[in-house]
Amino acid sequence: MHEIQVHNTLSGKVEPFVPLKTDVVHMYTCGPTVYDFAHIGNFRTFVFQDILRRFLKLRGFRLTHVMNLTDVDDRIIANAAAAGIGIRDYTDKYVQAFFADCRALSVESPEHWIRATENIDSMVELIQKLQKKTYTYDSEGSIYYRIAKFKDYGKLSKIDLSGIQTGARVDNDRYEKESARDFALWKAPKPGEHFWETPIGPGRPGWHIECSAMAMKYLGESIDIHTGGIDLAFPHHENEIAQSEAATGKPFVKYWLHAEHLLVEGEKMSKSLGNFFTLRDLFGKGYKPSALRFALASVPYRRQLNFTFDGLQQATSSVDRLRNFAARLKNEKFPSGKQKAMTERIDKAASDFDDGLSDDLNTAQALAAMFDFVREANIAMDKGEFRQGEVKAAQQFLATFDKVFAVLEDNDAEKLKVLGYDTGSDRTDDAEIEKLVSARQAARQKREFAESDRIRKELADRGIILEDTKDGGVRWKRK
Ligand SMILES: [Zn+2]
């Protein structure tokens, strides 16, 4: 096995991954702000962190992974107030939709899902700590963080602080680098908006304090990995560092991993350009969850991902190719024995796969290792050179692959059904296909060729292609 290396935004370098404790990894991921359905750009990041956690588990690490649901922030407060409902009622629909989307994309549940609104006490305590250490000041009922007092401010995003006025403030949860300034830890209530009565006064937490408080509550003062989209590095993660390290005097996070942006057909995704997609938009167009997961995972996380419909179509074919290969291994009979070259080929593929993922999660290299092997093994099978004795090792490699990529199981129809996209009517399940294939074989053996042709045509109409094999058997695959 290869040494795991990751790119750390804090150092700007690729570094060997060595957790603070030997066998357990404490990891925090900024979850969605649940004011709307998550879009494919959000899921690019969530699929990346899923690949990361799955790979670490594959490599034997125990994981304590926390992901939060930001269920209080500027947009939620404003939208809920406009709708005249409580923030819990407002966000619940989107929380449930997010969980369902994660299941559809086979994004594993972290060890802890936590909601900001259930951790207000911890946020208040953290603000009190910062008050005691004089990192804060009050203004008109709000409490601000004094960034000039935190000497390391800017170390993550490498922001230039030279032009910043001391004491200039920002109340918005999200702002640009150019407006780096003292930010709100606690916001005074506004008429008609949700607030909490607390020892530091009435109001609500700023977005940044939420993640610092929850990460340290569930994972401790120093954690191994913090992940998020690159757009969170500033101001959100910079502010998390300032809050946490000022309060504890300890390094907050050892490795910061950030996923790059997603473009759609070469352009920034936006509602006004009409290229803004949620998962549901794509499922509604007939695309499969497995294909979307594959497409989002296939580009290494630090490279910009240009999402295209051609690419999604290719991802669909790639997943089918893998599933067909797995079916071949399962259903075909190969000549007995083993062949040294193929045994070595499988070992090499497995090693290249691990090598790719160990290299800062280079999913493109890991996938190339798999697809090169599949191509060569298919050729060997067609030539009758693949031996029965290799089946187990090949299946083992596929299983290892799928622990990380999670696309082999043919469960797209079920997943879509759960989300309300019923594709079941025009889809034939495996058992039914097997039955028809056997019936056709039986007809052929009895030389009832009209019947066997009829069944072949019926299968073709359902999108199933039959291929006769050398040993007189038959295998099938979906178009
Ligand atoms: Zn966060």
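Residues numbered from 1 in each chain as written. Predicted model: local features only at pLDDT ≥ 70, side-chain atom pairs only at ≥ 80, totals over all residues. Heavy atoms only, no water.

**So, the nonpolar core**
In terms of nonpolar packing, the biggest core is built from 137 residues, with Ile40, Tyr145, Leu292, Phe373 and Phe386 touching the most fellow members. Counting residues per element, this core draws most heavily on helix 11 (residues 363-382), which supplies 10 residues. Every residue in contact with Phe373, bar those within four places of it in the chain, is listed here: Phe325, Met342, Arg345, Ile346, Ala349, Ala394 and Phe397. In this structure, Leu459, Ile464, Leu466 and Trp476 belong to the second largest nonpolar core, which totals nine residues. (Core = buried A, V, L, I, M, F, W, Y, C linked by side-chain atoms within 4.5 Å. Buried < 20%, exposed > 50% of the residue type's maximum accessible area, 1.4 Å probe, protein only. Helix = DSSP H or I, 4+ residues; strand = E, 2+ residues; numbered from the N terminus. Contact = heavy atoms within 4.5 Å.)

**Some remarks on the coordination of the zinc ion**
The protein atoms that coordinate the zinc ion are Cys30 (SG), Cys211 (SG) and His236 (NE2), at distances of 2.0 to 2.2 Å. Within one chain, the residues serving as donors to the zinc ion are arranged as C-x180-C-x24-H. Taken together, the residues Cys30 in the loop between strand 3 (24-29) and helix 1 (40-58) and His236 in helix 6 (residues 233-248) connect sequence positions 206 residues apart. As far as the burial class goes, Cys30 and His236 line up, both buried. (Donors = N, O, S within 2.8 Å, 3.2 Å for Na, K, Ca; no water.)

**Details of the packing of helix 8 (residues 289-298) against helix 11**
At their nearest, the axes of helix 8 and helix 11 sit 8 Å apart, and the two run at 120° to each other. When the interaxial angle is binned, helix 8 and helix 11 end up oblique. Taken together, the residues of helix 11 that come into contact with helix 8 (itself represented by Phe294, Ala297 and Ser298) are Thr363, Ala364, Leu367 and Phe371. Tallied by class, residues from the contact of helix 8 with helix 11 come to five nonpolar, two polar and no charged. (Axes fitted to C-alpha atoms, helices over the stretch in contact; angles between N-to-C directions. Parallel < 35°, antiparallel > 145°, perpendicular 65-115°, else oblique. Nonpolar A, V, L, I, M, F, W, Y, C, P; charged D, E, K, R; others polar.)

**Quick look at the packing of aromatic side chains**
Counted by the stated rule, this structure contains 27 aromatic pairs. Measuring from ring centre to ring centre gives 5.1 Å for Phe334 and Phe386, while their planes differ by 65°; the resulting arrangement is edge-to-face. Remark: Phe386 occurs in the loop between helix 11 and helix 12 (391-405) and Phe334 occurs in the loop between helix 9 (309-331) and helix 10 (340-358); sequence separation between them is 52 residues. With relative accessibility at 1%, the residue Phe386 sits in the buried group. Judged by centre distance (5.9 Å) and plane angle (80°), the ring pair of Phe353 and Phe397 falls under edge-to-face. Of this pair, Phe353 sits in helix 10 while Phe397 sits in helix 12, and the two are 44 residues apart along the sequence. Considered together, Phe353 and Phe397 belong to a single accessibility category, that of buried residues. (Phe/Tyr/Trp six-rings, centres within 6.5 Å; stacked < 30°, edge-to-face > 60°.)

**A short note on unusual backbone geometry**
Each neighbour pair has its own omega, and for Phe234 with Pro235 the value is 0°, a cis peptide bond. Mapped onto the elements, Pro235 comes out in helix 6. Its identity is not glycine, yet Ser106 carries a phi of approximately 55°, on the positive side. Relative to the helices and strands, Ser106 is located in the loop between helix 3 (87-104) and strand 5 (112-115).

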